[in-house]
Amino acid sequence: MSITATELKNNLGKYLLLSATEDIYITKNGKIVAKLVNPYQDRVEAAKSLFGILPKDADVDEAREERLIAK
């Protein structure tokens, strides 16, 4: 979505909520000057991409121990 800087200023709360689900491009004089994004979006997408890769019985503590032993 693309909005003007004035529109953002007048409706900041609305666009903060919208930025949780989509990127908001802010324009000034017809040129993009900023991008409002959800800071956790990349983490969520990365986590989603891992589904199905790890075995169901994977244990975090066991993996840590294996790394310590390997060093």
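Our structure is the block above this text.
Everything numeric here is computed off the predicted structure, so don't read it as measured data.

1. Let's talk about the side chain of Ser19
If you trace the backbone, Ser19 turns up in the loop between helix H2 (12–18) and strand E2 (24–28). Accessibility expressed as a relative area gives 8% for Ser19, which makes it buried. For Ser19, the residues in contact, after removing those within four places along its chain, are Ile24, Leu36, Val37 and Asn38.

2. Focus: the sheet that holds strand E3 (residues 31–36)
Pairing between the strands of a sheet comes from backbone hydrogen bonds, and it takes one of two forms, parallel or antiparallel. Reading across the sheet, the 3 strands line up as E1-E2-E3 and stay open at both edges, with mixed pairing between neighbours. With one partner strand each, in any of the chains shown, strand E1 (2–4) and E3 form the two edges of the open sheet. Across the sheet, the axes of successive neighbouring strands diverge by a mean angle of 35°, strand direction being ignored. Across 5 bridges, the pairing between E2 and E3 is antiparallel. Directly across from Ile26, in E3, lies its bridge partner Ala34.

Rules of the game
- Residues numbered from 1 in each chain as written.
- Predicted model: local features only at pLDDT ≥ 70, side-chain atom pairs only at ≥ 80, totals over all residues.
- Heavy atoms only, no water.
- Helix = DSSP H or I, 4+ residues; strand = E, 2+ residues; numbered from the N terminus.
- Buried < 20%, exposed > 50% of the residue type's maximum accessible area, 1.4 Å probe, protein only.
- Contact = heavy atoms within 4.5 Å.
- Pairing = 2+ DSSP bridges.
- Axes fitted to C-alpha atoms, helices over the stretch in contact; angles between N-to-C directions.

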